[in-house]
Amino acid sequence: MNADPRAIGVFDSGIGGLSVLRALQEELPHESFVYLADNAHAPYGEKGEHFVSERTHAIAQHLLTRHQIKALVVACNTATAAAIQGLRAQHPTLPLVGVEPALKPALALSRTRHIGVIATRGTVASEKFGRLLSSVQGEATFVVQACNGLALAIEQSTLPEQADVAQSQVLHLLQTYTQAMGRFGQADGEIDTLVLGCTHYVFVEDALRQLLGPGVQLVSTGEPVARQTRRLLAAAGLLNSPTPDAGPASTQLWTTGERTGLQAAAQRWLGLPPEVCRAVDEALSGA
Ligand code: DGL
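A short tour of the structure in this document, coming up. Since this is a predicted model, take the numbers as computed values, not measurements.

That bond from Ala42 to Pro43 is cis: its omega, -5 degrees, falls within 30 degrees of zero. Residue placement: Pro43 occurs in the loop between strand E2 (33–37) and helix H2 (49–67).

Below, the structure is given as structure tokens:
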């Protein structure tokens, strides 16, 4: 049996991709992970597509060169929309998984056929999302809402000194954006399914449930992405099987910015100790 102990790279603009990392750790307990948060350049959602694409390429290259990753999970909808095609062209042999708003899974769940989608402005404006939406148009009514500022407020809510203000900002934004989308509920014409099209939004699921009521289903992508990663690794013969002499799987977290927010989020949501989080000690060029 093959045993490939090299790590799987996972990246996002900030802490959002930790929601995907959590699903990956559950699905692939024998694998090691190197997570990179591009906090110095976050949020991506309101930057241009070119900028996000450049960052994504630079980070992929860094993870390959410095950490010898065997596969890459782009745990960010905005970066996937901007750059996954280019990344596939540049790294044709690297197993690569992106994330996109789960419109098709939502179709399978919705009874009222009214589906809400919240995502960053970058994702909503992208050609890739436009194509995805066209492919399901006609099967349900999709109400799409770009949520400027929400990912940033979620990032800030993890910083102890800003937590209270940022938490009220998160609630205010959630209220404003969901109200603008129309009525949520299970009656005909109401939105009964909400797609979380940004990996950060998974961390405000509880607040969304309180706001929208228990009847509204929230759909995210962590688990399907983890299963797809497993499939790709298995097909390429790159899974790490535990062997008696191999060390335990590890998780390293890196940030291009300040460590505090990532440390707090990783401790709160993944139970990881602060020392697994380090700052990237070189300028990651590319943007
Ligand atoms: N977490 C990212 C996403 O899934 C982007 C958040 C941001 O940086 O704006 O789209």
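Next up on the list: the pattern of salt bridges. In total, this model carries 8 salt bridges according to the counting rule given. In this structure, Lys70 and Glu31 form a salt bridge, with 2.6 Å as the shortest nitrogen-oxygen distance. You can see Lys70 sitting in the loop between H2 and strand E3 (71–74) and its partner Glu31 sitting in the loop between helix H1 (18–27) and E2, a full 39 residues away along the chain. Both residues of the pair, Lys70 and Glu31, belong to the buried class. Note that Asp188 and Arg111 form a salt bridge whose closest N and O atoms lie 4.0 Å from each other. With Asp188 in the loop between helix H8 (163–181) and strand E7 (193–196) and Arg111 in the loop between helix H4 (103–109) and strand E5 (114–119), the pair connects residues that are 77 residues apart, well separated along the chain. Of the two residues, Asp188 and Arg111, both sit in the exposed class.

To continue, consider the site of the ligand. Near the ligand there are 13 residues, and of these Ser13, Tyr44, Gly45, Thr78 and His200 occur at the shortest range. Here Asn77 contributes a backbone N or O atom positioned 2.8 Å from an oxygen atom of the ligand. Within the contact set of the ligand, an oxygen atom lies 2.9 Å away from a backbone nitrogen or oxygen of Thr199. A breakdown of the residues in the shell around the ligand according to their chemical character gives 5 nonpolar, 7 polar and 1 charged.

This part covers the sheet that holds strand E8 (residues 217–219). Here we have 4 strands laid out as an open sheet, ordered E6-E5-E7-E8, and parallel in their pairing. Each having just a single partner strand, strand E6 (141–146) and E8 make up the two edges of the open sheet. If you compare each strand with its neighbour and ignore which way they point, the axes differ by 20 degrees on average. When E7 meets E8, the two strands line up parallel, connected through 3 bridges. When the sheet's bridge partners are listed, Leu194 is paired in E8 with Leu218. Contacts from H8 reach E5, E6 and E7 within the one sheet, and its direction differs from that of E6 by about 150 degrees.

Turning our attention to the sheet that holds strand E1 (residues 8–12). What the 6 strands build is an open sheet, ordered E4-E3-E1-E2-E9-E10; its pairing is parallel. Looking at which strands have only one partner, the edges of the open sheet turn out to be strand E4 (96–98) and strand E10 (277–279). Within this sheet the neighbouring strands show an average axis-to-axis angle of 20 degrees, counted without direction. Two elements, E1 and E2, share 5 bridges in a ladder whose sense is parallel. The residue bridging Asp12 from the neighbouring strand is Ala37, located in E2. Sheet contacts for H2: E1, E2, E3 and strand E9 (251–255); angle to E2, the most-contacted strand, approximately 145 degrees. Along the sheet, helix H10 (residues 222–235) contacts E1, E3 and E4; its crossing angle with E4, the most-contacted strand, is approximately 165 degrees.

Time to look at the packing of aromatic side chains. All chains considered together, the criterion is met by 1 aromatic pair. For the pair Phe203 and Trp269, a centre-to-centre distance of 3.8 Å together with 15 degrees between the ring planes defines the contact as stacked. Residue Phe203 is found in the loop between E7 and helix H9 (205–212), and its partner Trp269 is found in helix H11 (residues 260–270); the two are separated by 66 residues along the sequence. Neither residue differs from the other here; Phe203 and Trp269 are each classed as buried.

Before going further, it helps to spend a moment on the pairing of E7. Of the two faces of E7, the one carrying Thr193 and Val195 and the one carrying Leu194 and Leu196 are both buried. Summarising the sheet, E5 and E7 pair through 4 bridges and their orientation is parallel. Bridge pairing in E7 links Ile118 to Leu196. With respect to chirality, the unit in which E7 leads through H9 into the neighbouring parallel E8 is right-handed.

Judged by nonpolar contacts, the single largest core of 55 residues is most densely connected at Val10, Leu18, Val73, Leu194, Tyr201, Leu208 and Leu253. Not counting chain neighbours up to four residues away, the residues in contact with Val10 comprise Gly17, Leu21, Leu24, Phe33, Val34, Tyr35, Leu36, Leu72, Val73 and Ala75. Counting residues in hydrophobic clusters, the runner-up holds 22 residues, among them Ile59, Leu63, Cys76 and Ala82.

Parameters and conventions
Residues numbered from 1 in each chain as written. Predicted model: local features only at pLDDT ≥ 70, side-chain atom pairs only at ≥ 80, totals over all residues. Heavy atoms only, no water. Helix = DSSP H or I, 4+ residues; strand = E, 2+ residues; numbered from the N terminus. Salt bridge = Lys/Arg side-chain N within 4 Å of Asp/Glu carboxyl O. Buried < 20%, exposed > 50% of the residue type's maximum accessible area, 1.4 Å probe, protein only. Near = heavy atom within 4 Å. Polar contact = N/O pair within 3.5 Å; in protein donor to acceptor, adjacent residues only side chain to side chain. Nonpolar A, V, L, I, M, F, W, Y, C, P; charged D, E, K, R; others polar. Pairing = 2+ DSSP bridges. Axes fitted to C-alpha atoms, helices over the stretch in contact; angles between N-to-C directions. Contact = heavy atoms within 4.5 Å. Phe/Tyr/Trp six-rings, centres within 6.5 Å; stacked < 30°, edge-to-face > 60°. Right-handed = clockwise from strand over helix to strand, strands pointing away. Core = buried A, V, L, I, M, F, W, Y, C linked by side-chain atoms within 4.5 Å.

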